[in-house]
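# Coordinates in review
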Amino acid sequence: EKSLDDAIPDISYNIFDCYQDFRNNPGGVLEVGGSAEVDEYPLWNPKGSFPSAPEPTGKVALIGHSAGGWICRAYLSERNYGGKSYGGNRFVHSLITLGSPHGNAPGPAFKGVEWVNSEIMDAGSGVRALAVGGTGYKGDSSGSL
């Protein structure tokens with residue numbers, strides 16, 4: 001029987017790698033890759049080394065809170081986000097978002113939300129979705145899942 005230690009991959013990433021990743025990010029925190037526009041983000045590979053993931057044996061449910069909800073939506077997309085296409089809809093059967101901003105709003109922090117809203121998540125994606133609302137900026141009507 002496998003132990004928890006067997007389930008945790010052996011990675012090579014330390015505080016210095018983290019610092020270098022943060023320091024070398026063009027544009028800093030507010031403008032990843034030197035731009036607030038998602039389609040202009042450069043391809044970024046983190047420092048350190050990470051093992052390849054094993055082949056998936058089934059699908060999972062994703063639960064995202066706040067920004068984690070729209071980030072999950074970016075993961076499910078087949079489009080390039082920051083230079084990578086994740087196509088996570090192949091590995092996910094359900095998405096639940098809790099208090100996530102799905103409506104477009106002003107400012108660079110909402111450019112990612114605007115990006116995911118340009119793609120409709122419907123029954124054809126194979127992923128069931130539930131958005132549990134929260135309070136905050138109302139946004140516009142584009143945030144429909």
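Keep in mind it's a predicted model, so treat the numbers as computed, not measured.

What the rule picks out here adds up to three aromatic pairs. Ring geometry for tyrosine 13 and phenylalanine 50: centres 5.7 Å apart, planes at 40 degrees, overall tilted. With tyrosine 13 in the loop between α1 (4–7) and α2 (15–24) and phenylalanine 50 in the loop between α2 and β1 (60–65), this residue pair connects regions lying 37 residues apart in the sequence. Seen from their ring centres, tyrosine 75 and tyrosine 86 are 6.1 Å apart, and the 40 degrees between their planes marks the pair as tilted. Note that tyrosine 75 is positioned in helix α3 (residues 67–76) and tyrosine 86 in the loop between α3 and β2 (92–98), a separation of eleven residues in sequence. In this structure tyrosine 75 comes out as partly exposed when scored by relative accessible area, which is 29%. A cation over a ring is seen here: arginine 79 above tryptophan 115, with NZ or CZ 4.0 Å from the ring centre.

The next point concerns the sheet that holds strand β3 (residues 128–132). If you trace the three strands from one edge of the open sheet to the other, you get β1-β2-β3, paired in parallel fashion. Either end of the sheet is taken by a strand with one partner, and the two such strands are β1 and β3. The average undirected angle you get between the axes of adjacent strands in this sheet is 10 degrees. In terms of strand pairing, β1 meets β2 through six bridges, oriented parallel. Its bridge partner being in β2, valine 60 is matched across the sheet by valine 92. Relative to the sheet, α3 contacts β1 and β2, its axis offset from that of β1 by approximately 140 degrees.

Among the secondary structure elements, aspartate 17 is positioned in helix α2. One buried charged side chain, aspartate 17, makes no salt bridge at all; its nearest oppositely charged neighbour is lysine 47, positioned 7.3 Å away. Ignoring any residue separated from it by four or fewer positions in sequence, one finds aspartate 17 in contact with Ser12, Lys47 and Gly48.

Take the pairing of β2 next. In this fold, the crossover linking β1 to β2 by way of α3 has right-handed handedness. By the bridge criterion, five bridges tie β2 to β3 in an arrangement that is parallel. By the bridge assignment for β3, leucine 98 is matched with valine 132.

Generally speaking, nonpolar side chains in soluble globular proteins are found buried as a group. One finds Val38, Tyr41, Trp70, Ala74, Tyr81, Val113, Trp115 and Val116 forming the largest nonpolar core, which totals eight residues. Residue assignment for this core shows that the elements contributing at least two residues are α3 and α4 (111–117). Among the elements that make up this core, the one with the highest residue count is α4 (three residues).

Our next topic: α3. One turn of the α-helix equals 3.6 residues, which is why residues spaced by three or four share an orientation. Within α3, the full set of buried residues consists of Gly69, Trp70, Cys72, Arg73, Ala74 and Leu76. Packing partners of the buried residues in α3 comprise β1, β2 and α4.

Note on placement: aspartate 21 falls in helix α2. Classification of aspartate 21 as buried rests on a relative accessible area of 10%. Placed 24 residues apart in sequence, aspartate 21 and asparagine 45 show a C-alpha to C-alpha distance of 8.7 Å. Within the local environment of aspartate 21, its side chain forms a polar contact with the side chain of tyrosine 13, the two groups lying 2.6 Å apart.

The rules behind these values
In this convention, every chain numbers its residues from 1, walking through the sequence in written order. The predicted origin of the model limits local features to residues at a pLDDT of at least 70 and limits the giving and counting of side-chain atom pairs to 80 or more, whereas totals for whole chains, interfaces and linings rest on all residues. Derived side-chain values reflect all non-hydrogen atoms in the structure, with water molecules and hydrogen atoms excluded from consideration. Between 30 and 60 degrees the pair is tilted, below 30 it is stacked and above 60 it is edge-to-face, where a pair is any two Phe, Tyr or Trp rings, Trp via its six-membered ring, whose centres lie within 6.5 Å. Each helix is a run of H or I in the DSSP string that is no shorter than four residues. Each strand is a run of E no shorter than two, and both are numbered from the N terminus. A 1.4 Å probe rolled over the protein chains alone gives each residue an accessible area, and that area as a share of the maximum for its type sets the label: buried under 20%, exposed over 50%, partly exposed in between. Only lysine NZ and arginine CZ atoms are considered, and such an atom sits over a ring when it is within 6 Å of the ring centre and within 35 degrees of the ring normal. By definition, two strands form a pair when at least two bridges between them are found by DSSP. Simply put, an axis is a line fit to the C-alpha atoms, just over the touching stretch for a helix, and the angle between two N-to-C directions goes from 0 to 180 degrees. Residues are treated as being in contact if the distance between any of their heavy atoms lies within 4.5 Å. For this count, His and the chain ends are skipped, Lys and Arg are scored as positive, and Asp and Glu as negative. Any carboxyl oxygen of Asp or Glu that lies within 4 Å of a side-chain nitrogen of Lys or Arg is treated as forming a salt bridge with it. Handedness is read with the strands pointing away from the viewer; a crossover is right-handed when the path from the first strand over the helix to the second is clockwise. Throughout, nonpolar core names a set of buried Ala, Val, Leu, Ile, Met, Phe, Trp, Tyr and Cys residues whose side chains join them through atoms within 4.5 Å. Whenever a nitrogen or oxygen atom comes within 3.5 Å of another N or O atom, the pair is scored as a polar contact, on the condition that within protein one atom can donate a hydrogen and the other can accept it, and that pairs from neighbouring residues in sequence are kept only if both atoms are in side chains.

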